[in-house]
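# Summary of structural features
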Amino acid sequence: MAPESFMDQDKFLEKINRLLPNTVYIFDIIERKMVWLNERGLELYGYTVQDLQMMGAEYLALSMHPEDLPGVEAALQQAPSLADGEVLNLEYRFKDRSGQYHRIKDQVTSFARGENGLVHYVFGIATNLEDRKAYEETLEKTIDKLNLCLAAGKMGTWEWDIKKNILYWDPRMYSLHGVPMDPSLSPVHEVNVRMFPEDAPEVNERVATAVREHTDFYTTYRIRYDNEEIHHVKCYGKFTNKDDKRMFGVAWDETQEIQTEQQMAEARAKMISAAKMAALGEMSAGIAHEINNPLTVIQARAFQLTQMVENDKLDIETIKQAADSINRTADKIARIIRSLRSFAREGTLEPFEIVPIKTIIDETLEFCKTRFFHHGIEIEIAPYDEDLEMECRLVQLEQVLLNLLNNSFDAIETLPEKWIRIHVTHDDHNLEISVIDSGAGIAKDIADKMMLPFFTTKEVGKGTGLGLSISSGILRSHKGELTLEPTAKNTTFKMKLPLWQQNI
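Rules of the game
- Residues numbered from 1 in each chain as written.
- Predicted model: local features only at pLDDT ≥ 70, side-chain atom pairs only at ≥ 80, totals over all residues.
- Heavy atoms only, no water.
- Helix = DSSP H or I, 4+ residues; strand = E, 2+ residues; numbered from the N terminus.
- Buried < 20%, exposed > 50% of the residue type's maximum accessible area, 1.4 Å probe, protein only.
- Contact = heavy atoms within 4.5 Å.
- Areas by Shrake-Rupley, 256 points an atom, 1.4 Å probe, with all protein chains shown as cover.
- Salt bridge = Lys/Arg side-chain N within 4 Å of Asp/Glu carboxyl O.
- Axes fitted to C-alpha atoms, helices over the stretch in contact; angles between N-to-C directions.
- Parallel < 35°, antiparallel > 145°, perpendicular 65-115°, else oblique.
- Left-handed = near helix turned anticlockwise from the far one by under 90°.
- Nonpolar A, V, L, I, M, F, W, Y, C, P; charged D, E, K, R; others polar.
- Pairing = 2+ DSSP bridges.
- 1 Å grid on protein atoms, 1.4 Å probe; cavity = no way out; pocket = protein on both sides within 12 Å on 5 of 7 lines; lining within 4 Å.
- Points joined across faces, edges and corners; volume = space filled by probe spheres on them.
- Polar contact = N/O pair within 3.5 Å; in protein donor to acceptor, adjacent residues only side chain to side chain.

### Here we look at the overall build of the protein chain
Looking only at helices and strands, the protein chain has 16 helices and 17 strands in total. Taken over 504 residues, the protein chain has a buried fraction of 41%. Pairs at least 24 apart in sequence give 59% of the contacts found in the protein chain among residues at least 6 apart. Accessible area for the protein chain stands at about 29,000 Å²; split by element, carbon and sulfur atoms hold 54% of it.

In structure tokens:
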């Protein structure tokens, strides 16, 4: 049978050739010579079909590694008796045109038979094992890197067969949950009995939603170890495709991160408290004066009443006026003390409440108006809607406003013209409280740094450098911001806030 009779099969093989990354060939086992080789084989080994055919019957001796030649010859002895569909598997080293050997895995099957019924031509698909080895080495390195990343992040991997409700853990998942690595233990059961009961409803809901909607999920839950240690576990899961009945994911211990966040929150609360106490310290003389003045009035009215009793000159109208005066001044002292107690308490974790804007301004001014008056600083409040309310943490906003007023005091105390103005503007959703003083503004190089923690332009002992940084943080926690108006004629700070937190 001549090779020309294979033209139809040739076309068929060419179609296969375009789909396969392997070397495809037809070999004459009687004449021991190559009949046809696809383009992939020619590309890999540098030969042309004519080169191979010119080798003739010496093809095997010229192209095979001498050590592998006996095995190939033995296989070819079996080839004539191959049944249709039967595959002969070979491995050998094949020499390319440059003389370099390549390890080949070959699968040979019957292609055409002679008149005697024995196989005359075989069809082979040869795979270059070096390509596979390189792929396997790359895959192995990738897996090693992945495992290194998982180990560095203390991450465990898991797989969940949803239909059977079987959860598979890698060794790190057992360690992560404080569970002995025992194949007889059920991970689903172990995580359920160790999880905090109050965390379970949210975790179960997120997982159920992910399964129902075929989406990813994140969740966090607490685990109690046998030694009573409490660990916070973060878990992420996803499907690989829409029809998959298995979910895959990772989990990691974020206890240390949560503890660090708690410590930072505590440290921040202490800084806020220290900053508030520093502000009160700066105004201590003014606060003392605010209390001493009404005390003097009470003392004078009490002396007046004593004198009337001692001289037996009781006048009902005078007694009534004295009593009213004592009541009013006592109320004033109570108002100052109430503001002090409110301001001094920790407000970071207090809930938001509905507060009149007037309360924020009036209670803040109770701390400082006398001090400002005695230093010749005029405080002017522009007209505003005194019925306006907002949702906020009262103590925190009073701290911000007081800090801005104290900064203005320090900036203008020695100026010939000394005044501070408070402007309140708003629309349906937002509020601005502007604190404007008679200063001529702040230099750009200072303005760029003034919100940074511990930056201050005050002399040693007069400022911590935390006021504006903390104030800015407080407004951010209210979904607002603290800004300096760079183009204003006079120094102008603005507290920009939403009126209602739930609308943001």
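Next comes the rest of the write-up.
### Some details on the pattern of salt bridges
For the coordinates displayed, the defined rule picks out 19 salt bridges. Here D51 and R97 are joined by a salt bridge, their closest N and O atoms 2.3 Å apart. Separated by 46 residues along the polypeptide, D51 in helix α3 (residues 49-54) and R97 in the loop between β3 (87-95) and β4 (101-113) bring together distant segments of the chain. For R97, a relative accessible area of 53% gives the class exposed. Measuring nitrogen to oxygen at the nearest pair gives 3.2 Å for the salt bridge that ties E190 to R194. Residue E190 and its partner R194 are both found in helix α8 (residues 187-194); the two are separated by four residues, about one turn of the helix. Looking at E190, the relative accessible area reads 10%, which means it is buried. Given a relative accessible area of 11%, R194 falls into the buried group. Beyond isolated ion pairs, a larger network of salt bridges with shared partners links E67, D68 and R93.

### Focus on the packing of helix α13 (residues 357-374) against helix α14 (residues 394-412)
For any two helices packed against each other, the geometry comes down to the angle between their axes and how far apart the axes lie. Their axes nearest at 9 Å, the elements α13 and α14 cross at an angle of 30°. Taken together, the axes of α13 and α14 are roughly parallel relative to one another. As for the relative orientation of α13 and α14, their crossing is right-handed in sense. On the side of α13, the interface is formed by T359, I360, I361, E363, T364, L365, F367, C368, R371 and F372, while α14 contributes L394, L397, E398, L401, L402, L405, N406, F409 and D410. Looking at the contact of α13 with α14, its residues break down into twelve nonpolar, three polar and four charged.

### Things to note about the sheet that holds strand β10 (residues 246-253)
The five strands lie next to each other as β7-β6-β10-β9-β8, forming an open sheet whose pairing is antiparallel. On the outer flanks of this sheet lie β7 (166-169) and β8 (217-224), each paired with one strand and no other. For this sheet, the mean inter-axis angle between neighbouring strands, taken without regard to orientation, is 25°. The pairing of strand β9 (residues 230-239) with β10 spans seven bridges and is classified as antiparallel. What sits directly across from F239, in β10, is M247. Contacts between helix α9 (residues 200-213) and the sheet are confined to β6 (155-161), β8, β9 and β10, with β8 contributing the most and set at about 150° to the helix.

### Observations regarding empty space enclosed by the protein
If you walk through the whole model with that rule in mind, you get one cavity of 30 Å³ or more. If you add up the space inside the largest cavity, you get close to 230 Å³. As for the largest cavity, its lining consists of 21 residues, and the residues nearest its centre are Y25, M34, Y59, Y92 and D106. At the level of secondary structure, the elements contributing two or more residues to the lining of the largest cavity comprise β1 (23-28), β2 (33-37), α4 (59-63), α5 (69-78), β3, β4 and β5 (119-128). Considering only residue class, the lining of the largest cavity consists of 19 nonpolar, one polar and one charged.

### Examining the layout of surface pockets
Empty space within the second largest pocket amounts to approximately 380 Å³. As for the second largest pocket, its lining consists of 19 residues, and the residues nearest its centre are W160, L167, V191, V203 and V207. For the lining of the second largest pocket, the secondary structure elements donating two or more residues are β6, β7, α8, α9 and β8. Class assignment for the residues of the lining of the second largest pocket results in 14 nonpolar, five polar and no charged.

### Re the environment of W160
Inspection of the secondary structure puts W160 in strand β6. A polar atom in the side chain of W160 sits 3.1 Å from the side chain of N165.

Any functional reading would require information that these geometric values do not contain.
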